[in-house]
Amino acid sequence: MPSYDAIIVGAGFSGMYMLYRLRERGLRVRVFEKGAGVGGAWYWSRYPGARCDSESHTYNFTFSETLYEEWSWRSRYPTQPEILEYLNFVADRLQLREDIELQTEISAAHFDEEVSQWRVYLQDGRQLTCKYFITAVGCLSAHAKNIPQISGYNQYKGESYHTGTWPHGEVDFRGKKVGIIGNGSSGIQSLPVIAETAAEVYSFQRTPQYAIPAQNHPYTEEEIKEYKANRLDTRNKMFQSHTGYPFFSRPISALEENQFKRQEVYETAWNKGGFEISATYNDLLLNESSNETLSQFVKDKIKQVVKDQTLAEKLLPTYPIATKRLVLDTNYYETFNLPHVHFVNVKTAPITQFSENGICTADKEYPLDMVVFATGYDGMTGPLLNMDIKGRGGESLKEKWEHGANVSTYLGVATNLFPNMFMITGPQSPSVATNMPTSIEQHVDWIDRFIAYIEAEGLEMVEANAQQEEEWRIHCEEVYRKTLYSKTPSWYSGANVEGKPEAFLIYLGGLGPYGKILENCATSEYSGFDQY
Ligand code: N01
């Protein structure tokens, strides 16, 4: 039976970097990836208009000067094909491909206590063993997409696609009536592009979203030179900040400035574009009155852009801004001014079923040639619980976490009863509340250093301590309860998936402060871990 030091699940940003680090240490490592190419979410998520909402020069690896110098981003926000191209460039440049097996799915991993090894089972029947089992499965995965259970789907005769597993070939919208269910990032990005060629577009919305203009533009030669020259400064800021982006919240409450000054501040941020608008004041996610100032500013903008004021009212969100993932858009609200683009309120008249011809809501049938499910993912736990993972005593991760109702981890990177298993950007780490590549570099570097310690100390296994894990879970919950996130159901807490227990699984203490907690754990010789 082939044996490795480490087996990694997934060849996206995290799996590739983990492979690189451990291989540099001289470990024998194998990565298994279900897709036919590297790239993880960016391999699968090819829907029209797919673009990242982090600025290009921050949405990449910053550890290597060579990679940063040799790759030049083309625009402020990278498209999906460009990110995939970048990740392929990384795979080639770091010579990662020889240790990655594509189109290979890990179905189970069981810890064998007698030999302190993980037994890893592949879908194709092969079995392998390893000392370290590392999940690099991402927080949102094509293999854990959310498709609402709507009756009659099988009788629907038209085309249908999920944004997270979009076909590789071209999808033709010309002359077609297209329904898009959902208006998160995927729905909001794809709507304007689909509307360019479709005959009619129906946007089925349950909860209107706040969208901020991306103000995207091609990078000039000057901009490219400048961002490259600033790599270290940018990197330092990213690792110190709360969000993994190279900016910090202004150290002032929104209520400390008068409405004219606030308007000016928001206007400047709006025109600049991007997520920085949520860092204009330091209490926007802590104080409802402060939050209301920004929520109102954006609602006023929506009313200015959408010409039909009755429709504009329907597009106004009713929850505190940024407590659901903020969306960056290009021409989203403008698209509703087009005569062939229609808003369908499925809060007031929910979707009841599919018919042969389209979608039926409580008050009407919408004949459709194509349905786009922009309905998101079973986030955070979905990609992990897809696998049959069993730890010490045959404990299954699904049962330990009660299918998502009772998730507990230590620092979001390990969990008691599962020795020598590490989760990159796992539940209860800052993960999706940050710029993912920053969180990924932070976790991979830390896991790599921990493994170096384990090897140097000659340890057979390490396991998150149950008591420390419980304290971390309580701490995550306490930090969350102090924020306005607790006011809004979202995919952050599993509210988007029917029947999924609600639990908020992101550590909101900020990436910079969290980095210090990781560092303290390391310098205390990993005191939160039992070591054998
Ligand atoms: O998914 P979502 P997404 N009936 O969960 C609706 C990242 N991402 O793929 O809000 C009707 O946000 C649901 O409605 P509601 C990013 O982190 C990044 O768009 O639950 N509607 C919602 O409107 C993002 O946050 C990028 O009421 C139903 C939508 O479907 C995350 O991925 C690009 C429904 C799902 O929105 C997920 O984004 C894309 C039902 N039964 C994704 N079920 C960028 O970097 C669900 N909905 C730009």
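All of these numbers come straight from a predicted model, not from anything done at the bench. (Residues numbered from 1 in each chain as written. Predicted model: local features only at pLDDT ≥ 70, side-chain atom pairs only at ≥ 80, totals over all residues. Heavy atoms only, no water.)

The strand order across the open sheet formed by five strands is β7-β16-β8-β9-β12, and the pairing between neighbours is parallel. At either margin of the open sheet sits one strand with a lone partner, and together these are β7 (159–162) and β12 (341–345). When strand polarity is set aside, the average angle formed by the axes of neighbouring strands in this sheet is 20°. Of the pairings in the sheet, the one linking β7 to strand β16 (residues 370–373) comprises four bridges and is parallel in character. Looking across to β16, one finds that His162 is bridged to Phe373. Lying on the sheet, helix α5 (residues 185–197) is in contact with β8 (177–181), β9 (200–205), β12 and β16; it crosses β8 at an angle near 170°. (Pairing = 2+ DSSP bridges. Helix = DSSP H or I, 4+ residues; strand = E, 2+ residues; numbered from the N terminus. Axes fitted to C-alpha atoms, helices over the stretch in contact; angles between N-to-C directions. Contact = heavy atoms within 4.5 Å.)

What follows covers the site of the ligand. If you check the shell around the ligand, you find 22 residues, and the closest are Arg51, Ser186, Arg206, Thr207 and Lys324. One of the backbone nitrogen or oxygen atoms of Ser185 is found 3.0 Å away from an oxygen atom of the ligand. In this structure, Ser186 approaches the ligand through a side-chain N or O atom, which is 2.6 Å from an oxygen atom. In isolation the ligand exposes 910 Å². Once the protein is present, 89% of that is buried. The dominant element in the shell around the ligand, judged by the number of residues it contributes, is α5, at three residues. Looking at side-chain class alone, the shell around the ligand contains eight nonpolar, nine polar and five charged residues. (Near = heavy atom within 4 Å. Polar contact = N/O pair within 3.5 Å; in protein donor to acceptor, adjacent residues only side chain to side chain. Areas by Shrake-Rupley, 256 points an atom, 1.4 Å probe, with all protein chains shown as cover. Nonpolar A, V, L, I, M, F, W, Y, C, P; charged D, E, K, R; others polar.)

Backbone-to-backbone hydrogen bonds pair the strands of a sheet. The strands run either parallel or antiparallel. Taken together, three strands build an open sheet; the order of strands is β13-β14-β15 and the sheet is antiparallel. The open sheet is flanked by β13 (351–354) and β15 (364–367), the only strands paired with a single partner. Sheet twist, expressed as the mean angle between neighbouring strand axes with direction ignored, is 25°. Here strand β14 (residues 358–361) runs beside β15; their pairing, made up of four bridges, is antiparallel. In the sheet register, Thr361 faces β15, and the bridge partner there is Lys364.

Here Ala211 is to be found in strand β10 (residues 211–213). Here Ala211 falls in the buried class, since its relative accessible area comes to 0%. Excluding its chain neighbours within four sequence positions, the residues that come into contact with Ala211 are Ile188, Trp270, Val298, Val327, Asp329, Tyr332 and Tyr333. (Buried < 20%, exposed > 50% of the residue type's maximum accessible area, 1.4 Å probe, protein only.)

Glancing now at unusual backbone geometry. Residues other than glycine seldom take positive phi values, yet Gln95 does so here, at roughly 50°. In this structure, Gln95 sits in the loop between α4 (80–93) and β3 (100–101). Using a relative accessible area of 53% as the deciding quantity, one classes Gln95 as exposed. Residues other than glycine seldom take positive phi values, yet Gln428 does so here, at roughly 75°. Note that Gln428 resides in the loop between β18 (421–423) and α14 (436–456).

Running from N to C, α14 and helix α16 (residues 511–523) point in directions that differ by 0°, and their axes come no closer than 11 Å. When the interaxial angle is binned, α14 and α16 end up roughly parallel. Residues Thr438, Ser439, Gln442, His443, Trp446 and Arg449 of α14 form the contact with α16, whose own contacting residues are Leu511, Tyr514, Gly515, Leu518, Glu519, Cys521, Ala522 and Thr523. Per-class residue counts for the contact of α14 with α16 are six nonpolar, six polar and two charged. (Parallel < 35°, antiparallel > 145°, perpendicular 65-115°, else oblique.)

On average, the chain scores 97 in pLDDT, and the residues at 70 or more come to 100%. Confidence estimates for the predicted assembly give a pTM of 0.97 and an ipTM of 0.98. (pLDDT = per-residue confidence, 0-100.)

Turning next to the packing of aromatic side chains. Counted under the stated rule, the structure contains 52 aromatic pairs. Pairing Trp166 with Phe173 gives two aromatic rings, centres 6.4 Å apart and planes at 35°, and the pair type is tilted. Both residues of the pair, Trp166 and Phe173, count as buried. Pairwise contacts between aromatic rings join Phe13, Tyr17, Tyr20, Trp42, Tyr59, Phe61, Phe63, Trp71, Trp73, Tyr86 and Phe89 into one cluster. Above the ring of Tyr43, the side-chain terminus of Arg46 is found at 4.9 Å from the ring centroid. (Phe/Tyr/Trp six-rings, centres within 6.5 Å; stacked < 30°, edge-to-face > 60°. Lys NZ or Arg CZ within 6 Å of the ring centre and 35° of its normal.)

The full count for this structure, using the stated rule, is zero disulfides. You can see Cys52 has no disulfide; the closest cysteine sulfur is in Cys139, sitting 14 Å from it. Note on Cys52: relative accessible area 5%, which makes it buried. (Disulfide = S-S within 2.5 Å.)

In this section: the nonpolar core. One broad trend across soluble globular proteins is that nonpolar side chains are buried collectively. Counting 101 residues, the largest nonpolar core has Trp118, Phe133, Ile134, Trp446 and Phe529 as the members making the most contacts within it. When residues in this core are grouped by element, the largest group, nine residues, is from α14. Aside from chain neighbours lying at most four places away, what touches Trp446 is Val413, Leu518, Cys521, Ala522, Tyr526 and Phe529. In this structure, Ile194, Ala211, Leu294 and Ala312 belong to the second largest nonpolar core, which totals 55 residues. (Core = buried A, V, L, I, M, F, W, Y, C linked by side-chain atoms within 4.5 Å.)

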